[in-house]
Each structure stands twice: as C-alpha cells, then as structure tokens.
Amino acid sequence: MQRFYLESYGCHMNVYDTQGLERQLEDHGYTRVAAPEDADVVLVNTCSVREHAEERTLNRLAVLSRLKAKNPAMKLGVCGCMAQRMGAEIKKRVPRVDLIVGAQALPAVLPALKALERGESSGPVVEPLNHYLPPPRPRLDAKNLKGFVTIIRGCNKACAYCIVPTTRGPEVSRHPDDVLLEVQELVLRGAKEITLLGQNVNSYSAAGADFPELLQRCGAVAGKWRLRFTTSHPRDMSPEVVRRMAEAPRLAPWLHLPVQSGSPRLLRAMNRDYTLEQYLVAIDAAREAMPDLAVTTDLIVGFPGETADDFAQTLALVERVRYDTSYAFKYSPRSGTAAARLEDDVTGEEKQRRLAILLAAQRRLSHEINQAWVGRTVEVLIEGRDERHGNGLTRTGQNKMVLVPWQDGLAPGQFAEAVVERAEGQTLHGRLVAAG
C-alpha cells in the first residue's frame, strides 16, 4: 500500500483541488500520512499568482529534494499552477522531481503515478483535461463548520497583470447537478457556511444554468446555513444579474468585487474590460438590492505608468465606494503576462509609499463603517473560542468578526444574536442575547 503526503499553497481553489487529489488517491488504495518522511509519494500543489509564491515553493522543493536523496524510492511531484506555467523548467531547477502535472491536467496525477510505479517516466503533463477531479470528501473543519465548492475553473478574461488564464486555462463550468449534490452533502454533514469558488463565478454557465440560477438552486437546500461566493468580475455584474443574485435564499450580504484601480486610463491599460462608471453602477445596484451589504475589493498600486494623478483617482474611488475592507498589493511583474513587457517605472519606494497611504485610508474608512454597527443587534455564526483570551469568535453575514464573552453551552456551528457594543479596527465586540 502506497503512502502519500500532500502540501498545498495558494488560494481556496488550490486547497479544494488538493482535497480532490487526496480523494482520488485514497479511492485507489493510497493512504495519506502526516509527514513527508513517512511517505512513498510526496505531492506539492502550487500557486503562481505572484513570484514570491513560486520562490517559496522552490525553496520547499529543495528541502523535499534532500529528503528524497536519503530515500531515492520516494516519488516527488509538483502539481498545480506553477507546474502549468514552468513545466520542464522545474526539473531543471530541482532535478530530483519525478512528476510535473499542471493545474489544467490534475486528473492525470494518478495515471502518471501509476506509470512511475511501472518504471515509466514522462515529461510535464500540462495538456488541458475537460473533466474535474472527484470532489473532496465532505470533511468540515470541526472548528469552523465551513465548506467550499468549486463551480468553475479557468478564466476567459485577459487582465494584463494576471497569470491565471495561462495557468488555469479557459473557463470550464461544472454541471449544476454535481454542484448541487456537493452542497447538499455538505449541509447534511452539518455545514453552516458554504462558499462557491471560481476565478470568475459570475461567468458560470452550464446545462442551461447561469450563476444566479445556480445560486437559487444551491440556496434552496433546506437547513440553517449561509451561502457565499468568490470571486466576481465587474464586467459580468449587470444590475439584472445583481437583482437575481439578491433573490437567492441564504445568500450572505457580502460582495467581493475587485476593481484594481480607480483610474480609467489604468483600467484600460490593465485590460479590465469595464469602465469606472460601469463598476460604480454595479456597486450601487448591489447595495440597493441587498440591504446591509458589505463590499470588499482588490487594489493594485504602482502598475506600470501609474502617475500621482492615477493614484489620487484610486484614493477617490475608495472614498466614494467606502469599502468595508480592501486588499491592496504592490504591482510586481509576472513573466508571461502582457504587463511584464511594460517598463516597471514606479520605484519600489514609491509603491510602498502609495500602499501605506491607501492602507491608512482604508483603516480609517473601516473604522468609520464599523462604528455605525455599534448598538445594532446582528445574527452571528459561532465559529469557535479564542483559548488565549476566552472570547467567543463569531461572524456576521457581512463577514465581520464579532468577539463575545464565552458562555457555557455554546458550541461552534450555532447561530445566535449579538448586540455590538464597540468597534476596534476590523473587529466588533459585543455580547450574545440569544443562541440556538
């Protein structure tokens, strides 16, 4: 019986894929172990979204390679986005790697392993496969009781800075019946929050169902639980789509809608394929359709050619929209993207300065927004207990953490009502008034 060890880097979709690999191997007689030293097969599922992620993985592979030097029979494999992008270059960097399977060909991991066991070997496997890995075994985090379900992989957009279309390939949507069965099983096993995953979930289209229809079907699954999704693309967020999304049962009032820049000129340079006006129409429509909606976003500072005026327009957009939270990053070139051919003409010092200004503005806005929650009674999901401080960790539908005094009889997975008493930074503090 072959023993395997899996490591995963990157986004929730990578974690989901890793769990699918685990199920595929276990279904064919492999046994998972907790440490690479105990494994016959070591697989690393990788991320390519930033250069730092790849360097981190290469460093880890160097460590695992030394382990393989002590145990030559061990098979060392690299899977996922980095394998898709770098291919045979990984073998040059880490010669002891036996197996390279890209993100678009993950179902080929098992056949490739079987070939290695027969003494056969091959080059990188990166040709796209139209079928998915088996879904992960429904296994909820005992603390959080949250589940994730991938509904679409790949991306048909062509943002100038992004490597995802290269690593994940074109969009492929799962059949809605398969998605619904997975959601149903998670709920039956006690899931209290399920997040639908994809690079662009609102591009979903399969078997006559679009994304709003899929939300309706998933949200109709009986039980006390919340439905979330991430990530959306502004181009596909028309007011009609927003209206239909808002009608989906159990949908949490939280929307992550990346904008990247508030400069119309930079949006064109980034090839984001929407105007600032269209983005604002989508935001306003979402807030009108979904009361108490929390909105978060992604922002890039220092994109090639970004001027002081471009950056000022991003700051103005943040003030106009008033995001609950924003995730801001300094631009760094990714080999293989259109932007990598542009001169990276904003200095590192200036990128850091602009990032600091943006983060300070967001902290102020988050504080102001959260202060408006003081005195409100909100529904929260109890996620666990902070053993260090004794607080209960709870979360609203808007994805806001509320710390409450722990009480006897509380347990993760319960829904409760809490009164918000104060706000500090990104965190609310309150007390429970009802639990069940």
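As a reminder, the structure under discussion sits directly above these lines.
Now for a description of the structure that goes with this document. None of the values given here were measured: they were computed from a predicted structure.

Re the packing of helix H9 (residues 239-246) against helix H11 (residues 276-289)
A pair of packed helices is characterised by two quantities: the angle between their axes and the separation of those axes. Interhelical geometry of H9 versus H11 gives an angle of 25° and a closest axis separation of 9 Å. Here H11 runs roughly parallel to H9, going by the angle between their axes. The interaxial crossing formed by H9 with H11 has right-handed handedness. Of H11, the residues touching H9 (which contributes Pro 239, Val 242 and Ala 246) are Val 281, Ala 282, Ala 285, Ala 286 and Ala 289. Looking at side-chain class alone, the contact of H9 with H11 contains eight nonpolar, no polar and no charged residues.

A closer look at the pattern of salt bridges
Under the definition given, this model contains 39 salt bridges. The partner of Glu 7 in a salt bridge is Arg 60, and the shortest N-O contact between them spans 2.5 Å. With Glu 7 in strand S1 (residues 3-8) and Arg 60 in helix H2 (residues 51-70), the pair connects residues that are 53 residues apart, well separated along the chain. The shortest N-O distance in the salt bridge between Arg 334 and Glu 54 comes to 3.2 Å. Of this pair, Arg 334 sits in the loop between strand S15 (325-330) and helix H13 (348-371) while Glu 54 sits in helix H2; the two residues are 280 residues apart in sequence, bridging distant segments of the chain.

Brief notes about the environment of Asp 386
Relative to the assigned elements, Asp 386 resides in strand S16 (residues 377-386). In this structure the C-alpha to C-alpha distance between Asp 386 and Leu 403, which are 17 residues apart in sequence, comes to 9.1 Å. Asp 386 has contacts with Asn 391 and Leu 393, leaving out every residue within four places of it along the chain. There is a polar contact of 2.9 Å between the side chain of Asp 386 and the side chain of His 389.

Focus on the packing of helix H8 (residues 211-219) against H9
Put simply, H8 and H9 touch, their axes get as near as 9 Å, and they point 5° apart. Taken as axis vectors, H8 and H9 run roughly parallel relative to one another. Contacts from Phe 211, Pro 212, Glu 213, Leu 215 and Gln 216 of H8 reach H9 at Val 241, Arg 244 and Met 245. Looking at the contact of H8 with H9, its residues break down into five nonpolar, one polar and two charged.

Looking at the nonpolar core
Counting 58 residues, the largest nonpolar core has Ile 151, Val 183 and Leu 196 as its most contacted members. Per-element accounting of this core gives the leading share, seven residues, to H11. Discounting residues that sit within four places of it in the chain, Ile 151 has contacts with Tyr 132, Val 172, Ser 173, Arg 174, Val 179, Leu 196, Leu 197, Val 201, Tyr 204, Phe 211 and Leu 214. Counting residues in each nonpolar core, the second largest holds 20 residues, with Val 33, Val 42, Met 82 and Met 86 among its members.

Conventions used here
Here, residues in each chain are numbered from 1, in the same order as that chain's written sequence. Local features in a predicted model are, by the rule used here, given only for residues with pLDDT of at least 70; side-chain atom pairs are given and counted only at 80 or more, and totals for whole chains, interfaces and linings are based on all residues. With hydrogens and water stripped out, all remaining heavy atoms of the structure feed into the side-chain values. Between the N-to-C directions of two axes lies an angle of 0 to 180 degrees, each axis being a line fitted to C-alpha atoms and, for a helix, fitted only over the stretch in contact. Strands are runs of DSSP state E lasting at least 2 residues, helices are runs of H or I lasting at least 4, and numbering of each runs from the N terminus. Roughly parallel means an angle under 35 degrees; roughly antiparallel, over 145; roughly perpendicular, 65 to 115; everything else is oblique. Note: crossing handedness is left-handed where the near helix turns anticlockwise from the far helix by less than a right angle, and right-handed where it turns clockwise. Whether two residues are in contact is decided by their heavy atoms: any pair within 4.5 Å suffices. Amino acids are sorted into nonpolar (Ala, Val, Leu, Ile, Met, Phe, Trp, Tyr, Cys and Pro), charged (Asp, Glu, Lys and Arg) and polar (every other residue, Gly among them). For this analysis, a salt bridge means a side-chain nitrogen from Lys or Arg found within 4 Å of a carboxyl oxygen belonging to Asp or Glu. Pairing of N or O atoms within 3.5 Å defines a polar contact, subject to two protein rules: one partner must be a possible hydrogen donor and the other a possible acceptor, and residues neighboring in sequence count only if both atoms are side-chain atoms. What we call a nonpolar core is a set of buried Ala, Val, Leu, Ile, Met, Phe, Trp, Tyr and Cys residues that are connected through their side-chain atoms within 4.5 Å. Three exposure classes are used, based on accessible area relative to the maximum for each residue type with a 1.4 Å probe and protein chains only: buried under 20%, partly exposed in between, and exposed over 50%.

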